[in-house]
Amino acid sequence: GAAEHSPAVIVGTGYGAAVTALRLGAAGIPTVMLEMGQLWNTPAEDGNIFPDMLNPDRRAMWFKDRTEAPLASFLWLDLVNRDIDRYAGVLDRVNYGDMSVYVGRGVGGGSLVNGAMAVTPKRSYFEQILPRVDADEMYGRYFPLANSMLGTNHIDPEWFETSRAYQFARVSRKAAHEAGFQTAFVPSVYDFDYMRREEEQLVPRSALASEVIYGNNHGKSSLDKSYLAAALGTGNVTIETLTEVRDIAQQQDGTYSLSVRRIDEHGTVLGVRQLTAKYLFLGGGSLGSTELLVRARDTGKLPDLGEEIGRGWGTNGNVMLGRANHSWDPVGELESGMPALGIDNWDDPVSPVFAEIAPVPAGIETFASLYLAITRNPERGTFRYDPGADRAVLQWSESQGQPSIDAAKRVFDRINEVNGTSYRYDLFGDTRAFESRFTYHPLGGLVLGEATDLYGRVNGYRNLYVTDGSLIPGSTGVNPFVTITALAERNIDRVLAEDIRAA
Ligand code: FAD
């Protein structure tokens, strides 16, 4: 039969997609969102929607036989990961040879699994990475709008000093200050008042019950509770789940046709159907959106797409490491799953580093301090289409992670030297101290002003837009979701005014 038509279709339900859906819906435009993951709103038999980090089950990961947590080992023992049933779980780890990328799957995308750190980039750095975007407008209007819509809040510094759950962060802060480094509180979309009540045993625990990376049952303002709830509230937005967009083509009349595959939560394909849209927004994230356009170009479905598609991908300089503390400096048995403090060495011209002090919420004293460092790594990867696998494959070699390691090493060598401490060599499956072969922060692939114009309109095609982290050229110097959200707000403002309302 005839394909179903919708004026606007959005691929995905992450940050860029959610912003776009709200603004289209509020403007009265009927909009369909297509999300390959599940809607996470129904408790399982254990009474929870999500599993915690210590007891992961099938809900934890997207069609894997075993969990693939970033900390591969502890004391070199494979204690962290568990065999699980293949299922449409919430966290995916997409493995491309030397680089593995963690992404969220479900209504809300990465907001379901992430650490909730809501950081606005330093203005001077933002001006470097996106020099043709008006920074006055971003810092005057769109960053504040994004933070207020997302529910960004700040930890009470007095409570931080007394909370047992942040002893680990205070121990790391002391070591950093001893070595002359500055620390800064990190804003969050996890409600710190809720966390305080968790500590007082007044409400069910989430951050204080080792919940992070496989979802939070309480406390976090993920997108399903912020932008997406507002989008649905307009009455003009619908979300289809377990629905993956496979192919995009343009029809004679300029509208887009999408080939869409539905699965059940066990992965059985229920069917493939066609949908058409006048306006098509790609919000599948850096991997998802880039793959769709690389595939469309290289299979000849959108033949006018250029060489910039699939370029300019980066890890946001991510590198993880652990330090071993002295036995007289315990980090405590209770660690909040939500980070609240970072070492801010970004203004160092040689080795800029913004290192979040990350928890190891193991429920035991670990004597370990963990860090996820964001560095300024100039290396970039490229996606190429593999026709056999019908997949876009990232070209990235392990050596491209070295600049991230070098920058982090300069900071943490000094911290260890001054404090008489050492690295942990038991955390990443072998004996390496630094792990730069995975990222939480995939950025780029469809870079603003290169693959698209300065508002995310794909070069060569009308009414086709990119709205997510693939627009950002590989780095934003801080955790990225506030940047992605603010940029999406800016772009949809312009697109609504010029392309849609005017039409
Ligand atoms: P995403 O949020 O990735 O959303 C894309 C959505 O599209 C997904 O739901 C996906 O399933 C769906 N999709 C993809 N392709 C298709 C398709 N073809 N058809 C249908 N659906 C599709 N950032 C921070 O700022 N602070 C943090 O504390 C933080 N912690 C993190 C911790 C972890 C464990 C992870 C994995 C990430 C973390 N991040 C953090 C990163 C942040 O979550 C991402 O930068 C952000 O989610 C990217 O937003 P996006 O809009 O680009 O896409």
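Scroll up a little and you will see the structure.
Computed from a prediction, not measured in an experiment: that's the story for all the values here.

Trainee: Please provide a residue-by-residue account of the site of the ligand, values included.
Mentor: Taken together, 37 residues are adjacent to the ligand, and E35, G110, M117, G469 and F481 come closest. A distance of 2.8 Å is found between a nitrogen atom of the ligand and a backbone nitrogen or oxygen belonging to M117. Between the ligand and V245 there is a distance of 3.0 Å, counted from a nitrogen atom to a backbone nitrogen or oxygen. Look at the ligand: alone it shows 1,000 Å² of surface, and the protein chains cover 95% of it. Going through the elements one at a time, α1 (15-26), β4 (99-104), β7 (243-250), α8 (285-298) and α10 (481-500) are the ones with two or more residues in the shell around the ligand. Here the residues of the shell around the ligand are counted per class, giving 15 nonpolar, 18 polar and 4 charged.

Trainee: Hey, could you go over the side chain of S336 for me, with residue numbers and the actual values?
Mentor: Mapping S336 onto the fold places it in the loop between β11 (319-324) and β12 (341-344). S336 gets classed as buried once you look at its relative accessible area, which sits at 0%. A distance of 3.2 Å separates polar atoms of two side chains, one belonging to S336 and the other to Y166. One polar contact links the side chain of S336 to the main-chain amide nitrogen of M338, over a distance of 3.1 Å. Excluding residues that lie within four positions of it along the chain, S336 makes contacts with A165, Y166, F168, M195, A207, L208 and P359.

Trainee: Give me the lowdown on unusual backbone geometry, citing residues and values where you can.
Mentor: The phi dihedral of Q201 falls on the positive side, at around 65°, and the residue is not glycine. Here Q201 lies in the loop between α6 (192-199) and α7 (227-233). Residue Q201 is classed as exposed on the basis of its relative accessible area, which comes to 61%. The residue I213 is not glycine, and still its phi comes out positive at about 65°. One can find I213 in the loop between α6 and α7. Residue classification places I213 among the buried positions, given a relative accessible area of 11%.

Trainee: Give a description of the environment of T366 that names residues and reports values.
Mentor: Relative to the assigned elements, T366 resides in the loop between β13 (353-358) and β14 (368-375). Sequence separation between T366 and E333 is 33 residues, and the spatial gap between their C-alpha atoms is 7.7 Å. Excluding residues within four positions of it along the chain, T366 makes contact with F74, V331, E335, V360 and R424.

Basis of the calculations
- Residues numbered from 1 in each chain as written.
- Predicted model: local features only at pLDDT ≥ 70, side-chain atom pairs only at ≥ 80, totals over all residues.
- Heavy atoms only, no water.
- Near = heavy atom within 4 Å.
- Polar contact = N/O pair within 3.5 Å; in protein donor to acceptor, adjacent residues only side chain to side chain.
- Areas by Shrake-Rupley, 256 points an atom, 1.4 Å probe, with all protein chains shown as cover.
- Helix = DSSP H or I, 4+ residues; strand = E, 2+ residues; numbered from the N terminus.
- Nonpolar A, V, L, I, M, F, W, Y, C, P; charged D, E, K, R; others polar.
- Buried < 20%, exposed > 50% of the residue type's maximum accessible area, 1.4 Å probe, protein only.
- Contact = heavy atoms within 4.5 Å.

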